[in-house]
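# Structural features, examined
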Amino acid sequence: MKSYHIITFGCQMNEHDSERMAGILEAKGLVPAAHAEDAEMVILNTCSIREKAEQKFYSELGRLSHLKGRDGRGITIAVAGCIAQQEGKRLLSRTPSVDLVVGPSDIARLSDMVTARRERTKPVVETGGDPEYHQKVVPAVRTDGLKAWVSIMYGCDNFCAYCVVPYLRGRERSRPPRDIVAEVRSLAEQGYREVTLLGQNVNSYGKGSADPTTFPELLGLLQDIDGIHRIRFVTSHPRDLSDELVHAIGDLPKVCEAVHLPVQSGSDRVLAAMNRNYTAAEYRDKVRKLRVIAPGVAITTDIIAGFPGETDDDAEQTLQLLRDVEYDNIFAFKYSKRPGTKALDIPGHLSDQVKEDRLAQILRLQRDITLRKNIQLVGSLQEVLVEGASKKGGTLTGRTRGNKAVNFAGAGDLRGLLVTVRIQSAGQNSLTGELCE
Ligand code: 5AD
Ligand code: SF4
């Protein structure tokens, strides 16, 4: 095996895990192939957060299996990520085209797995979870050059009733602050200007570690790294959004005023059934605080439509919360049954049609709100990190601190710089403006 290709499904965490797997494989001498068809090893880095994500994987696997059989080249197919963890050995028996199965906490073992695969022909499975993973420094191949993801913790202890993540990614473990600081410092030296810190619940960073550094303190350490202009993070559990973190967002100049704060539902009854540990009123309070202490903060959220037992009245409360909070953007999903989760046993599972209708209502309402929020920025001056030429041509593109895409006229050599742009017009997905001197 000399060349590899990775196909990634799912969240930013998975995208970054793919960068790490690429790092491990390249350290072993493998080279990237642009297409699965040209690679000797193909890794499918999978997601199982919802049934649809799982279906996408199985259809891609079908396509690759066909390829494997057809040209007799004997490509190696590896399955990584959440489905690898969920299915483990069963993947090998059910889908004979799969040669390698590696769980998200076993990535560091990939190098040895490739060796084992080269030496013997028997399939290799690693899903036991490496207890030292969070203390390991794993290389990553990043291609953006400007914006980088950095994992700061793994796993989740929250056990929201609908979610498979805690079962698949294990208990919360935080990486040592010195390793994170060293990684971000090295990124700055390579020319990276923005980092997004990744974790299922970043605000409980440090919990249970020998090192007492908290998440706001970690932000303070990263603030001092020269060369980095911007720091972002995902995701925050509303229950754990502490006053200290709100102040860090307000006070630390590099920490962007952009918070992804998944609410899931606007009904207290549903929130309790989901095991979210906050009420809608407490959530609204946190949003209010954020807006006072970090003015102009962009707030985004996740919503689940049609959780088991959700009534019309509960659904209306979610719509009302959307109207009240006025999110900059949302990610909304139909509730999807996940194996092993508590929500399976909650009475009152809804039909697909009901879930579909409620989701459509949520998305319709939010469309207007998103556009309105963007229009509110017309006339304002925004700090923009320039990413380069826009797809439209003749213009530059970049993002505001609130993470909104902005297109504006300008010369091509501004990539990586912070500039000021006056916003002139706004659409559903982006803003247009002019560069200020
Ligand atoms: N069904 C639908 N959406 C889900 N999410 C997590 N589990 C499920 C599920 N079973 C959503 C939540 C979470 C986001 C990452 O995915 O909204 O915040
Ligand atoms: Fe899943 Fe809840 Fe953990 Fe997020 S906080 S990963 S929704 S269990």
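Structure: above.
Anyway, here's the lowdown on the structure attached to this text. As the structure is a computational prediction, the values presented were derived from the model and not from experiment.

## What about the sheet that holds strand β10 (residues 194–198)?
The sheet built from three strands is open, its strands ordered β7-β10-β11 with parallel pairing. This sheet does not close on itself; its edge strands, each paired only once, are β7 (147–151) and β11 (230–234). Taken pair by pair, the neighbouring strands of this sheet meet at an average axis angle of 25°, ignoring direction. Where helix α8 (residues 215–223) meets the sheet, it contacts β10 and β11, and its direction lies at approximately 155° from that of β11.

## Regarding the pairing of strand β15 (residues 381–389)
Strand residues, when the strand is regular, have side chains that alternate between the two faces of the sheet. As defined by bridge partners, β15 adjoins strand β18 (residues 418–426) across five bridges and the pair is classed as antiparallel. Directly across from Glu383, in β18, lies its bridge partner Thr420.

## A closer look at the site of ligand 1
The full set of residues close to ligand 1 is Ile49, Arg50, Tyr162, Gln264, Asp302, Ile304, Phe333, Lys334, Tyr335, Ser336 and Arg338. In this structure, an oxygen atom belonging to ligand 1 sits 2.9 Å away from a side-chain N or O atom of Arg50. A distance of 3.0 Å separates a nitrogen atom of ligand 1 from a polar atom in the backbone of Tyr162. With the chains in place, 86% of the 410 Å² that ligand 1 exposes on its own is no longer accessible. Tallied by class, the residues present in the shell around ligand 1 amount to five nonpolar, two polar and four charged.

## Points about the site of ligand 2
Residues in contact with ligand 2, as listed here, are Cys156, Asn158, Phe159, Cys160, Tyr162, Cys163, Val165, Pro166, Gln200 and Arg276. Classifying every residue of the shell around ligand 2 gives seven nonpolar, two polar and one charged.

## A look at the pattern of salt bridges
Tallied over the full model, the rule gives 36 salt bridges. Across the pair Lys136 and Asp130 runs a salt bridge, and its minimum N-O distance is 2.5 Å. For Asp130, a relative accessible area of 4% translates into the label buried. The partner of Arg178 in a salt bridge is Asp179, and the shortest N-O contact between them spans 4.0 Å. Residues participating in the shared-partner salt-bridge network are Glu19, Arg142, Arg175 and Glu183.

## A look at the layout of surface pockets
Over the atoms rolls a probe the size of a water molecule, and in doing so it shows where empty space is left. Taken as a whole, the second largest pocket holds about 360 Å³ of empty space. Lining the second largest pocket we find 17 residues, and of these Pro295, Gly296, Val297, Ala298 and Leu377 sit closest to its centre. For the lining of the second largest pocket, the secondary-structure elements that each account for two or more residues are α13 (352–376) and β15. Counting residues per element, the lining of the second largest pocket draws most heavily on β15, at three residues. Residues of the lining of the second largest pocket, tallied by class, amount to five nonpolar, five polar and seven charged.

So, how was this worked out
- Residues numbered from 1 in each chain as written.
- Chains lettered and ligands numbered in written order.
- Predicted model: local features only at pLDDT ≥ 70, side-chain atom pairs only at ≥ 80, totals over all residues.
- Heavy atoms only, no water.
- Pairing = 2+ DSSP bridges.
- Helix = DSSP H or I, 4+ residues; strand = E, 2+ residues; numbered from the N terminus.
- Axes fitted to C-alpha atoms, helices over the stretch in contact; angles between N-to-C directions.
- Contact = heavy atoms within 4.5 Å.
- Near = heavy atom within 4 Å.
- Polar contact = N/O pair within 3.5 Å; in protein donor to acceptor, adjacent residues only side chain to side chain.
- Areas by Shrake-Rupley, 256 points an atom, 1.4 Å probe, with all protein chains shown as cover.
- Nonpolar A, V, L, I, M, F, W, Y, C, P; charged D, E, K, R; others polar.
- Salt bridge = Lys/Arg side-chain N within 4 Å of Asp/Glu carboxyl O.
- Buried < 20%, exposed > 50% of the residue type's maximum accessible area, 1.4 Å probe, protein only.
- 1 Å grid on protein atoms, 1.4 Å probe; cavity = no way out; pocket = protein on both sides within 12 Å on 5 of 7 lines; lining within 4 Å.
- Points joined across faces, edges and corners; volume = space filled by probe spheres on them.

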